[in-house]
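Residue-level listing of the chains:
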Amino acid sequence: MLALLLTGLAAVAMVGGLAYVGMTKKVDGLRRERAAEQFHEAVTAYMQKYGDWQASPGKDGFDQFMAERQVGSRPVLSDGAQDEQRRPEDERRAREEGRRPPPPGQGPARRLGEPPFRFILADQDYRVLLGAGVYEHGEPLPEAARKDARVVKVNGRIVGYVSPEGVITPSKQELQYLAAMREALWYGVSGAALLAVVLGVLLSRSLGRTLSHLTGAVRAMHGGSLLQRVPVEGKDEVAELAVAFNAMSEQLARTHEELQESHQTILVQAEQMRELSVRDALTKLHNRRHFDEQANTLFSHAVRHKRPLAMVIGDIDHFKRINDTFSHATGDVVLRQVGEILRSHMRLSDLVARYGGEEFVIAFPETELPQAAALCDKLRNLIESFPWHQVHPELKVTMSMGVYADVAAGTAEAMLQKADALLYRAKETGRNRVCFAVA
């Protein structure tokens, strides 16, 4: 119950937090994009007026140009520039009160405080002209800032670059908007959290009652009474679980009676299950667990009687590319066919298994290294020459192998590791080959 409640509350908090962060980021992005466009237009107009920055009055002249350009609205400012223009409403208010409008630079527009954005302006050689409080005048603009910089052209000639990097200062109206958004999200999250608590309590009580019945029935089954029934309430998933449990209980009880009546059938089925447990379902070869057990036995026999033993590990070349290009169904066909080729060319004493994915392993008892390497090369040729075009017109399959035949490695696992290293050598030297090392 507690876990259910905490999960619901955590989900509500995460959704609310992500919504707030996403909305804030979107608002800031729109503000920055709009202001950057306006600033770029202003810089372009300024450069067109004077030709380039060197021919202009510089920063002070640009500040005055911005003020003259943006009369009647709060401007997008450069590095430290302020709005020096009177707003129309300020002039109207002054006339109504019988006062003269304040001169430029002394009215309310002058007291706007920090500009909403400060952008960076560099010349055609990426030397900073306006640093936005981030870079010094004349400092080279870093490569990271150059990547997002917009070109300023005059008569087809590049005269500067504008970078959106800088400082964001939200206005009072924007702060009020963000506060309202936080308040709305807080109400929404609070309501969702309350709803999650109520629903959690109701669901956990219903779930707990049914689980209590199920727990008692399981304990009774553990004590030997296989036939159990639990009450089914409603039509939800928990009710479906109770129905499935009742059906399972009846089936177990019936099966138990049948097994008691036919012990021989049990033995046969147990043997079949044992065989299935050591087989790979796709290729019908032995699986890794069976191979490891039998390989240890073969290794012990070889050491005790001083007989040869060879270990092989092979890998289908570019198998991931086969899956990605021709589909996983085609990859399964390739695995089955490779397994069939390996199995059909093994002696009764040999051990072959699918080791995992597209890897296959072979143990050759009573086999010296030259004979094992020759047999592996034969298998490699059989795989390469198989008519794979019948599976897909463009399909080609090859295998790389590593062979190791020195029992001085110490264990069957160590021999496989040596063979695996040789397999990597085969992969690195071009694939579709057999690599082996003489002890």
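Our subject in this report is the structure included herewith. Please read all numbers here as calculations on a predicted model, not as lab measurements.

About the criteria used
- Along each chain, residue indices are assigned from 1 in the same order as the chain's sequence is written.
- The model is predicted, so local features are restricted to residues of pLDDT at least 70 and side-chain atom pairs to those at 80 or more, both for listing and for counting; the totals for chains, interfaces and linings are taken over all residues.
- Each side-chain value is worked out from all heavy atoms of the structure, with water and hydrogens disregarded.
- Numbering of helices and strands runs from the N terminus; a helix is a DSSP stretch of H or I covering at least four residues, while a strand is a stretch of E covering at least two.
- Three labels apply to residues, based on accessible area from a 1.4 Å probe with only protein chains included: buried if under 20% of the type maximum, exposed if over 50%, partly exposed otherwise in between.
- Contacts are residue-level and defined by heavy atoms, with any inter-residue pair within 4.5 Å sufficient.
- A strand pair is defined by DSSP finding two or more bridges across the two strands.
- Fitting a line to C-alpha atoms yields each axis, with helices limited to the stretch in contact; the angle taken between N-to-C directions then spans 0 to 180 degrees.
- Roughly parallel here means an angle under 35 degrees, roughly antiparallel means over 145, roughly perpendicular means 65 to 115, and every remaining angle is called oblique.
- By the criterion applied in these results, polar contacts are pairs of N or O atoms within 3.5 Å in which, for protein atoms, one can donate a hydrogen and the other can accept it, and in which residues neighboring in sequence qualify only through two side-chain atoms.
- Buried Ala, Val, Leu, Ile, Met, Phe, Trp, Tyr and Cys residues that are joined via side-chain atoms within 4.5 Å together make up what is termed a nonpolar core.
- In summary, the pairing rule links any two rings of Phe, Tyr or Trp, Trp by its six-membered ring, whose centres are within 6.5 Å, and it sorts them by plane angle into stacked for under 30 degrees, edge-to-face for over 60 and tilted for everything else.
- The rule is short: NZ of Lys or CZ of Arg within 6 Å of the ring centre and within 35 degrees of the ring normal puts a charge over the ring.
- Each salt bridge in this description consists of a side-chain nitrogen of Lys or Arg and a carboxyl oxygen of Asp or Glu lying within 4 Å of one another.

## A short note on the overall build of the chain
On a plain count of helices and strands, the chain comes out with 12 helices and nine strands. A burial count over the chain gives 36% of its 439 residues as buried. Partitioning the intrachain contacts of the chain with sequence separation of at least 6 by distance along the chain shows that 61% fall at a separation of at least 24.

## A look at the sheet that holds strand β7 (residues 359–365)
With respect to topology, five strands assemble into an open sheet ordered β6-β7-β5-β8-β9, the strand pairing being mixed. Pairing within the sheet leaves two strands with one partner each, and these edge strands are β6 (351–356) and β9 (434–436). Pairwise comparison of adjacent strand axes, ignoring direction, gives a mean angle of 20 degrees for this sheet. Of the pairings in the sheet, the one linking β6 to β7 comprises five bridges and is antiparallel in character. For L351, the partnering residue across the bridge sits in β7 and is A363. Contacting β5 (309–316), β6, β7 and β8 (399–404), helix α10 (residues 328–344) crosses the sheet at an angle of about 5 degrees to β7.

## With respect to the packing of helix α9 (residues 319–326) against α10
Packing of α9 against α10 leaves a shortest axis separation of 6 Å and a crossing angle of 135 degrees. Between α9 and α10, the crossing angle belongs to the class labelled oblique. Between α9 and α10, the residues in contact are F319, I322, N323 and F326 and H328, T330, G331, V334 and L335, respectively.

## A closer look at the side chain of T283
Structurally, the position occupied by T283 is in the loop between α7 (263–277) and α8 (288–305). At 2.7 Å, the side chain of T283 forms a polar contact with the side chain of D280. If sequence neighbours within four positions are ignored, T283 has contacts with L335, R336, R343, R354 and F360.

## Digging into unusual backbone geometry
Across residues other than glycine, the phi torsion is negative in most instances, and most of the peptide bonds are trans. A positive phi angle, near 65 degrees, is found at Y126, a position not held by glycine. The residue Y126 is located in the loop between β1 (117–123) and β2 (128–130) in this model. Despite not being glycine, K284 shows a phi value in the positive range, around 65 degrees. Relative to the helices and strands, K284 resides in the loop between α7 and α8.

## Overview of the nonpolar core
By size, the foremost hydrophobic cluster in this structure holds 29 residues, and its most contacted members are I316, V334 and V338. Counting residues per element, the ones that place at least two in this core are β5, α9, α10, β7, α11 (369–385) and β8. Among all residues touching V338, those that are not within four sequence positions of it are I316, F360, I383, W388 and M399. F291, F299, M311 and A412 belong to the second largest nonpolar core, which has 21 residues in total.

## Digging into the packing of aromatic side chains
Counted according to the given criterion, the structure contains seven aromatic pairs. Taken together, Y46, Y50, W53 and F65 form an aromatic cluster joined through their ring pairs. In this arrangement the basic side chain of R288 is found over the ring face of Y355, its NZ or CZ atom lying 4.1 Å from the centre.

## Observations regarding the environment of F436
By the element assignment, F436 lies in strand β9. Of the residues examined, F436 reaches a relative accessible area of 40% and is grouped as partly exposed. When the C-alpha atoms of F436 and L369 are compared, they prove to be 8.0 Å apart, with 67 residues separating the residues in sequence.

## Points about the pairing of β7
Burial runs high along β7: six of the seven residues are buried. In the sheet, β5 pairs with β7 via seven bridges, with the strands oriented antiparallel. Note on β7: the bridge partner recorded for A310 is F364. Taking the residues between adjacent antiparallel strands as the criterion, β6 and β7 are bridged by two residues, where G357 takes a positive phi near 60 degrees.

## Focus: the pattern of salt bridges
In total, this model carries 11 salt bridges according to the counting rule given. The salt bridge involving D350 is made with R347; its shortest N-O contact spans 2.8 Å. The exposure class of D350 is buried, given its relative accessible area of 10%. Among the ionic pairs, E384 bridges to R380, the shortest N-O distance being 3.3 Å. In this pair, E384 and R380 both sit in helix α11, four residues apart, roughly one turn of the helix. Among the residues examined, E384 registers a relative accessible area of 38% and is labelled partly exposed. Judged by its relative accessible area of 11%, R380 is buried. Beyond isolated ion pairs, a larger network of salt bridges with shared partners links D315, D317 and K427.

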